[in-house]
Amino acid sequence: MRLWWAASLLFAALYCLTAQDSLADLETRAGQAFDKRDCTTAASLYSTALASARAGGKWPQAALYLRRIGICSYRAGQIDEAYRAYRAGVDAAEKAQDQEMLRENLHGLAVALRHLGRQTEALAAAERALELARACGHPQHIVPELSEVAILYSDLGQLARSQQVNEQLLEFSRLHHDKGGELATLENLGMLYGFLGQPDTG
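Residues numbered from 1 in each chain as written. Predicted model: local features only at pLDDT ≥ 70, side-chain atom pairs only at ≥ 80, totals over all residues. Heavy atoms only, no water.

Trainee: Mind laying out the overall build of the protein, listing which residues take part and the relevant values?
Mentor: Assigned secondary structure in the protein consists of nine helices and zero strands. Written out in order from the N terminus, the α and β elements of the protein read α-α-α-α-α-α-α-α-α. When burial is assessed residue by residue, the protein has 39% of its 202 residues classed as buried. (Helix = DSSP H or I, 4+ residues; strand = E, 2+ residues; numbered from the N terminus. Buried < 20%, exposed > 50% of the residue type's maximum accessible area, 1.4 Å probe, protein only.)

Now the structure itself:
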């Protein structure tokens, strides 16, 4: 009886190890395909890895895989699929308590919702992503979130608020010597000043 029990434990341990190795291998292969922009292969491999990650309660990995699936779907013009992936990615990141993956999935969710014409929902996701970006303080995170919020305010006809966010973005770009971001924001502000009947102060 003890021999049978020991053999069962060994089998279970070997099974778990094989499952972990398979997940790691899938993630590696999916990442390589994703880096090559082979989204068909990447999405397929990430979907397989996702099933394993969910079954094992590996929510940080699940949040990453869903974000990558969302990106691949977006690149393929499959916005509904991208929305569903990012929405699930937000849920997985919340379970993992992974703030970075939460922000990135929220950003993707906001972009997908905007393309689906659901601007009000998109703004809620974008503002939440911006709050997380400001908490971490990294410029490369804050800039895209500010940009998305500014776009959505403009889409919703809230031009004065879009102007305020763009002015924050301009100040941030200048502070961090981002010439490309500065020029793009000045162009956006120029259009907004024109719509609002204000002089261009850039």
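On we go.
Trainee: Tell me about unusual backbone geometry, residues and numbers included.
Mentor: Even without glycine at this site, Arg37 takes up a positive phi of about 65°. Note that Arg37 resides in the loop between helix H1 (2-35) and helix H2 (39-55). Assessed through its relative accessible area of 56%, Arg37 is described here as exposed. Look at Gln97: it is not a glycine, yet its phi comes out positive at around 55°. Along the chain, Gln97 turns up in the loop between helix H4 (79-96) and helix H5 (99-115).

Trainee: Can you tell me about the packing of H4 against H5, naming the residues and giving the values?
Mentor: Contact geometry for H4 and H5: axes closest at 8 Å, N-to-C directions at 155°. Our classification of the angle between H4 and H5 gives roughly antiparallel. Considering how the two elements wind past one another, H4 and H5 form a crossing that is left-handed. Facing H4, whose interface residues are Ile79, Tyr83, Ala85, Tyr86, Arg87, Gly89, Val90, Ala93 and Glu94, H5 presents Met101, Leu102, Asn105, Leu106, Gly108, Leu109, Ala112, Leu113 and His115. Considered class by class, the residues forming the contact of H4 with H5 number twelve nonpolar, four polar and two charged. (Axes fitted to C-alpha atoms, helices over the stretch in contact; angles between N-to-C directions. Parallel < 35°, antiparallel > 145°, perpendicular 65-115°, else oblique. Left-handed = near helix turned anticlockwise from the far one by under 90°. Contact = heavy atoms within 4.5 Å. Nonpolar A, V, L, I, M, F, W, Y, C, P; charged D, E, K, R; others polar.)

Trainee: Would you mind going over the pattern of salt bridges in detail, with residue names and values included?
Mentor: Evaluated as defined, the whole model comprises nine salt bridges. For Asp91, the salt bridge identified is with Arg87, shortest N-O distance 3.2 Å. Residue Asp91 and its partner Arg87 are located together in helix H4, separated by four residues, close to a single helical turn. Look at Asp91 and you get partly exposed, because its relative accessible area is 34%. With its nearest N and O atoms 3.3 Å apart, the salt bridge here joins Arg103 to Glu104. For the pair Arg103 and Glu104, one class covers both residues: buried. (Salt bridge = Lys/Arg side-chain N within 4 Å of Asp/Glu carboxyl O.)

Trainee: Tell me what's going on with the nonpolar core, and back it up with residues and numbers.
Mentor: Counting residues in hydrophobic clusters, the biggest one holds 52 residues, and the most contacted among them are Tyr46, Tyr65, Leu106 and Val149. Contributions of two or more residues to this core are made by H1, H2, helix H3 (59-75), H4, H5, helix H6 (119-136), helix H7 (139-155) and helix H8 (159-175). (Core = buried A, V, L, I, M, F, W, Y, C linked by side-chain atoms within 4.5 Å.)

Trainee: An account of the side chain of Arg68 is requested, with residue identities and associated values reported.
Mentor: Relative to the helices and strands, Arg68 is located in helix H3. Among buried charged residues, Arg68 stands out as having no salt bridge; its nearest opposite-charge side chain is Asp35, 5.0 Å away. In this structure the side chain of Arg68 is engaged in a polar contact, spanning 2.7 Å, whose partner is the side chain of Tyr46. With residues up to four places along the chain from it excluded, the contact list for Arg68 reads Gly31, Phe34 and Tyr46. (Lys, Arg positive; Asp, Glu negative; His and termini not counted. Polar contact = N/O pair within 3.5 Å; in protein donor to acceptor, adjacent residues only side chain to side chain.)

Trainee: So, the packing of aromatic side chains: which residues are in play, and what are the values?
Mentor: Pairs of aromatic rings are described using the distance from one ring centre to the other and the angle between the two planes. A full pass over the atoms with the stated rule returns one aromatic pair. In this structure, Lys95 packs its charged tip against the face of Trp59, placed 4.2 Å from the ring centre. (Phe/Tyr/Trp six-rings, centres within 6.5 Å; stacked < 30°, edge-to-face > 60°. Lys NZ or Arg CZ within 6 Å of the ring centre and 35° of its normal.)

Trainee: Please set out H3 residue by residue, giving values where relevant.
Mentor: Across its 17 residues, H3 extends 24 Å between first and last C-alpha, which sits within 8% of the 24 Å expected from 1.5 Å per residue. Immediately beyond the C-terminal end of H3, within one or two residues, lies Gly77, with a positive phi of roughly 80°. (Expected span 1.5 Å × (residues − 1).)

Trainee: I'd like a rundown of the side chain of Arg67, residues and numbers included.
Mentor: Within the element layout of this structure, Arg67 appears in helix H3. A distance of 2.7 Å separates polar atoms of two side chains, one belonging to Arg67 and the other to Glu104. Apart from the residues lying within four places of it in its own chain, the contact partners of Arg67 are Tyr86, Met101, Glu104 and Asn105.

Trainee: Describe the packing of H3 against H4, naming the residues involved and giving the relevant values.
Mentor: One can describe the packing of H3 onto H4 by two numbers: an axis separation of 8 Å at closest approach and a directional angle of 165°. Taken together, H3 and H4 sit at an angle that is classed as roughly antiparallel. Like other packed secondary-structure pairs, H3 and H4 cross with a definite hand, here left-handed. Along its contact with H3, which presents Trp59, Pro60, Ala62, Ala63, Leu66, Arg67, Ile69, Gly70, Ile71, Ser73 and Tyr74, the element H4 presents Ile79, Glu81, Ala82, Ala85, Tyr86, Ala88, Gly89, Ala92, Ala93, Lys95 and Ala96. Among the residues making up the contact of H3 with H4, the classes are represented as 16 nonpolar, three polar and three charged.

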